[in-house]
Amino acid sequence: MIEKQNFFVAPLAGITDRPFRTVVREFSPDASLVTEMISCHSLVEMHKNCPRNFDHYETEGNIGTQIFGANVQMMADAARILADNGAKWIDINMGCPVPKVATRANAGAYLMRNHKLAGEIMRAVVGAVDIPVTVKTRLGWDNEHIDWRELVDIAADSGVRMVALHGRTRAAGYDGVAIHPDVHDCPIPIIANGDIKDAADISQMEKLGYSGVMLGRAMLGAPWKLAEINDGVIPQDVGAIVLRHLDLVIDYYGARAGVPLFRKHAAWYSAGCQGAVAFRVAVNQITDVAELKDKICEFWGCVAKI
Ligand SMILES: Cc1cc2nc3c(=O)[nH]c(=O)nc-3n(C[C@H](O)[C@H](O)[C@H](O)COP(=O)(O)O)c2cc1C
């Protein structure tokens, strides 16, 4: 049986920000959430245009903060900043495939090609903080280099507590079906990630030896997904959830940045509903919060609180 704290919400850049995490936690207070990835440079140099650089995590329950980078010292320094700000654990990104990270910055998935540097970063981060350190990675760089198992051994030797394994290669990106290898012989707990969406997937992961599961895209437009899987929660008033999420986004980013940023969430919430395409087209043209709220209320037939 997978323990409740081993149900994870995956780090999703531009999505698992504080507003989204707040909504998820209103349904699943015990869930373990991982922040979107944060560049070690951005943290250490405290870039001012990024609100998440100033997040404090003390009140956020079980929350891991994910960092990415290739500079060993900066990764350690960034981990310390996040630990000082109340993170419950530090997750190191060793799977991001986007060129800006993996090929231009030699970070993320690049570390699957350079196990020496990966080990140095893991040891430095583990040594820098008193909280647990985890790693999120993929099967390997491409089908000719499926070497996740070696990286797991390096992680275990470096003091990393757990590895989340996305069942794709860097070359596959997000295409195709995730493949989940048997992990019974791994020296540390492995969390399954990739295409997991329901109880049947989860029980399959248990059989393969995984200690937990991590859901990413299944949470989009469904922040109640973990509560649905674990406790059968089906939200009765989706419009009220969308409005709550929007309010949190506006509080956090301000209306000017928040309204355009919320468009993708509005699209995910409405996906599959009748009239979703017209709703999406309309929302994409709205720049005013009140107008957006009206549109949401009209679509879901709810009433916005003033
Ligand atoms: C929009 C988007 C943003 C992502 N951002 C991150 C990230 O910041 N850090 C990370 O380790 N993985 C990131 N991922 C990968 C996911 O965490 C996850 O590994 C992947 O989506 C597979 O899981 P899923 O099938 O449950 O979505 C991202 C994926 C998507 C689609």
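All values derive from a computational prediction rather than experimental measurement.

### Brief notes about empty space enclosed by the protein
For the structure on display, the rule yields 1 cavity of 30 Å³ or more. Roughly 40 Å³ of volume is contained in the largest cavity. Lining the largest cavity are Phe8, Val34, Trp89, Asp91, Thr134, Val135, Met162, Ala164 and Met214. Looking at the lining of the largest cavity, the elements with two or more residues in it are β5 (89-94), β6 (133-140) and β7 (162-169). By residue class, the composition of the lining of the largest cavity is 7 nonpolar, 1 polar and 1 charged.

### With respect to the domain arrangement of the protein
Each assigned domain of the protein is listed here: domain 1 (4-231) and domain 2 (238-300). The gap between the C-alpha centroids of domain 1 and domain 2 is 28 Å. Across the boundary between the two partners, domain 1 contributes 17 residues, which contact 13 residues of domain 2. Taken together, the two surfaces of domain 1 and domain 2 that pack against each other cover about 1,300 Å², and 71% of this comes from carbon and sulfur. Our enumeration of links across domain 1 and domain 2 arrives at 1 salt bridge. One salt bridge connects Arg244 with Glu26, and the closest N-O pair in it is separated by 2.5 Å.

### What to know about the pairing of β6
Counted residue by residue, β6 has 8 buried out of 8 residues, so it is predominantly covered. Two elements, β6 and β7, share 6 bridges in a ladder whose sense is parallel. Residue pairing across strands places Thr134 opposite Met162, the latter belonging to β7. In the classification by handedness, the crossover that spans β6, the intervening helix α6 (residues 148-158) and the parallel β7 is right-handed.

### Some words on the site of the ligand
Surrounding the ligand, one finds 17 residues, the nearest of these being Pro11, Ala13, Gln66, Asn193 and Asp195. A distance of 3.4 Å separates a nitrogen atom of the ligand from a polar side-chain atom of Tyr174. The backbone of Asp195 places a nitrogen or oxygen atom 2.7 Å from an oxygen atom of the ligand. Taking 610 Å² as the accessible area of the ligand by itself, protein coverage stands at 87%. Because more than half of its atoms lie within 2 Å of the grid, the ligand is assigned to the largest pocket. Among the residues making up the shell around the ligand, the classes are represented as 8 nonpolar, 6 polar and 3 charged.

### Points about the packing of aromatic side chains
Going through the model one piece at a time under the given rule, you end up with 7 aromatic pairs. Each ring, one from Phe27 and one from Trp224, has its centre 6.2 Å from the other, and the planes form 65 degrees; the classification is edge-to-face. Of the two residues, Phe27 sits in helix α1 (residues 18-27) while Trp224 sits in the loop between β9 (212-215) and α8 (225-231), which places them 197 residues apart along the sequence. Overall, the relative accessible area of 22% leaves Phe27 in the partly exposed class. With a centroid separation of 6.4 Å and an interplanar angle of 35 degrees, the aromatic rings of Trp224 and Tyr269 are classed as tilted. Placement of Trp224 in the loop between β9 and α8 and of Tyr269 in helix α10 (residues 255-270) is noted, with a sequence separation of 45 residues between them. Looking at Tyr269, the relative accessible area reads 5%, which means it is buried. Taken together, the ring pairs in this structure connect Phe27, Trp224 and Tyr269 into an aromatic cluster. Over the ring of Tyr174 we find Arg138, and its NZ or CZ is 5.1 Å from the ring centre. If you follow Arg170 out to its NZ or CZ, it ends over the ring of Trp141, 4.2 Å from the centre.

Calculation notes
Residues numbered from 1 in each chain as written. Predicted model: local features only at pLDDT ≥ 70, side-chain atom pairs only at ≥ 80, totals over all residues. Heavy atoms only, no water. 1 Å grid on protein atoms, 1.4 Å probe; cavity = no way out; pocket = protein on both sides within 12 Å on 5 of 7 lines; lining within 4 Å. Points joined across faces, edges and corners; volume = space filled by probe spheres on them. Helix = DSSP H or I, 4+ residues; strand = E, 2+ residues; numbered from the N terminus. Nonpolar A, V, L, I, M, F, W, Y, C, P; charged D, E, K, R; others polar. Domains from an automatic or database assignment. Contact = heavy atoms within 4.5 Å. Buried area = accessible area lost by both parts, 1.4 Å probe. Salt bridge = Lys/Arg side-chain N within 4 Å of Asp/Glu carboxyl O. Buried < 20%, exposed > 50% of the residue type's maximum accessible area, 1.4 Å probe, protein only. Pairing = 2+ DSSP bridges. Right-handed = clockwise from strand over helix to strand, strands pointing away. Near = heavy atom within 4 Å. Polar contact = N/O pair within 3.5 Å; in protein donor to acceptor, adjacent residues only side chain to side chain. Areas by Shrake-Rupley, 256 points an atom, 1.4 Å probe, with all protein chains shown as cover. Sits in = over half its atoms within 2 Å of the grid points. Phe/Tyr/Trp six-rings, centres within 6.5 Å; stacked < 30°, edge-to-face > 60°. Lys NZ or Arg CZ within 6 Å of the ring centre and 35° of its normal.

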